[in-house]
Amino acid sequence: MNSYRTVTLACNNDVIRACKAAIRSGKTGSICHISRGVASLLTRAYASVPRREEPPPVSDSDKRPNLRAIDLARKIRQEKLKGNATGGGSDAAVLNPSVPVSQLQKRVIELRQFTQQLQNVHPNVLAKHLHRGLILPHPELAVVNKPYGVSVQDGSSNKNNISDVLPILAKMVDGIRAGSRLHVCLGLDKETTGTLLLARTEEALDYVQNLHKNHQVERKYWVVAVGVPVPSEGVIDIPVIEREVTGAQPHFKMGLSPVYRVSDGGEGVTKVRANRQAQGAVTQYRVLDSSNGCSLVELQPITGVKHQLRVHMAYALGSPILGDHKYSHWTKLAPQKLPDGVLRRLGLEQSKARYLPLHLHARQVTLPEFKGQSDITVSCPLPKYFTSTLRRLQIPIPDE
């Protein structure tokens, strides 16, 4: 019958099995001639044969490997480093440890590790870090060692600030206790490290702020200065004013507004009219030690004007604080210019000086006769980058 195979069925089991096999083979050329009775029997028999099911399509999500949170975080970190490592710099060395790293690159990596650890971490991580260095000198007070680069108040340029994590820190200190709070008594700039005084009650907050308003809180700072101030000890009493600096990079910065000027003959000084917008600023200073063109200086501000210590060191004493890129120049915004000998000691080149952090540490705070009791004095240890710089400059750390 043409080219097709003809299968004549009889009502027996062998024929039924043969037709089942022909149907399963899917050959369109197979034709079965069956009688009515055999047809109904064959239909019932074939219905009992299980059909071969196609496997379900595999989705893209099933093809992806199961990633843990730590694997995903590591992948994101590596992608970020790849984006920053264009041209093959210190970031490339961090990404691939097999890449040869020069001593200069190692030094830059070290500075970044010292100064960029806590800016973008989770708030709980920052709170735990602050809690590890927490000091409780009084039932109503607390002191934390503020890290570098973290703002005290809300800052638009950083994800983290200390004020936002104080509720978490308060729970770590007092547990889950109703009404447990911490308040910042005396703030510090973002680049300043050291003793940050906190109040555990609003009454203690008001008491400390009144002491500070009356200049009764004694605060001591340690700085690494480029140069050695002469004389080695003294008092700077020069008002400070905010001025606009014009030029290619217009900006504002604090500057000196002296009320005396040297006479034309250079034999004496003449008093001049004070600027109404200037603020009185007084700073006591003392050189603790010096070596290799730098010095460790203790500063005690009597007043609390914005950037007072940095301005007095740079413009009054001519010894700017190491890493103070803002006040090392007056007419421009540029990295601090350092002497060749200092750069060699620090293991840097001038092109990498911008990585140096500000070496300004709030070393100690003293509250006189706090609420009728004895004086409270608290000090915080120096950060790692600060002590590393002192070792490189061969400046001994005082035993205070």
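Residues numbered from 1 in each chain as written. Predicted model: local features only at pLDDT ≥ 70, side-chain atom pairs only at ≥ 80, totals over all residues. Heavy atoms only, no water.

(A) Representation of the overall build of the protein chain. Helix and strand counts for the protein chain stand at twelve helices and 16 strands. Evaluated residue by residue, the protein chain yields a buried proportion of 39% over its 400 residues. Pairs at least 24 residues apart make up 63% of the contacts formed inside the protein chain by residues separated by at least 6 positions. Of the roughly 23500 Å² of accessible surface on the protein chain, 49% is carried by carbon and sulfur atoms. (Helix = DSSP H or I, 4+ residues; strand = E, 2+ residues; numbered from the N terminus. Buried < 20%, exposed > 50% of the residue type's maximum accessible area, 1.4 Å probe, protein only. Contact = heavy atoms within 4.5 Å. Areas by Shrake-Rupley, 256 points an atom, 1.4 Å probe, with all protein chains shown as cover.)

(B) View of the packing of aromatic side chains. As enumerated under the stated definition, the model contains four aromatic pairs in all. A ring pair is formed by Y207 and F370, whose centres lie 5.2 Å apart and whose planes are at 80 degrees; its orientation type is edge-to-face. Here Y207 is found in helix α9 (residues 202-213), whereas its partner F370 is found in the loop between β15 (360-367) and β16 (376-379), with 163 residues between them in sequence. Where Y315 meets Y327, the ring centres are 6.1 Å apart and the plane angle is 75 degrees; that geometry is what we call edge-to-face. Of the two residues, Y315 is situated in helix α10 (residues 308-316) and Y327 in the loop between α10 and α11 (340-346); the sequence distance between them amounts to twelve residues. Here Y315 falls in the partly exposed class, since its relative accessible area comes to 25%. Residue classification places Y327 among the buried residues on the basis of a relative accessible area of 1%. Each residue in the set Y315, Y327 and W330 is aromatic and connected to the rest through ring pairs, giving one cluster. Above the face of the W222 ring, R363 is positioned so that its terminal group lies 4.5 Å from the ring centre. (Phe/Tyr/Trp six-rings, centres within 6.5 Å; stacked < 30°, edge-to-face > 60°. Lys NZ or Arg CZ within 6 Å of the ring centre and 35° of its normal.)

(C) Representation of the pairing of strand β3 (residues 135-138) within the structure. The sheet contact formed by β3 and strand β4 (residues 141-146) spans two bridges and is antiparallel. Within β4, the residue paired with H138 across the bridge is L141. Taking the residues that link successive antiparallel strands as the turn, the β3-β4 hairpin has two residues. (Pairing = 2+ DSSP bridges.)

(D) Just the nonpolar core, in detail. Residues L196, L198, V297, L299 and M313 are the most contacted members of the largest nonpolar core, which totals 36 residues. Tallying contributions element by element places helix α8 (residues 162-174) first for this core, with five residues. Ignoring any residue separated from it by four or fewer positions in sequence, one finds V297 in contact with Y221, W222, V223, A225, P229, Y285, R286, V287, L288 and M313. Counting 23 residues, the second-largest nonpolar core is a separate cluster that includes V226, V342, L382 and I395. (Core = buried A, V, L, I, M, F, W, Y, C linked by side-chain atoms within 4.5 Å.)

(E) The pattern of salt bridges, seen in detail. Tallied over the entire structure, the rule returns seven salt bridges. Residues E218 and K220 are paired through a salt bridge, measuring 4.0 Å at the closest nitrogen-oxygen approach. Ionic pairing is found between R310 and D324, a salt bridge with its closest N-O pair at 2.7 Å. Highlighted residues: R310 in helix α10 and D324 in the loop between α10 and α11, separated in sequence by 14 residues. Grouping residues by exposure puts R310 and D324 together as buried. Overlapping salt bridges bring together R107, E110 and R392 as one network. (Salt bridge = Lys/Arg side-chain N within 4 Å of Asp/Glu carboxyl O.)

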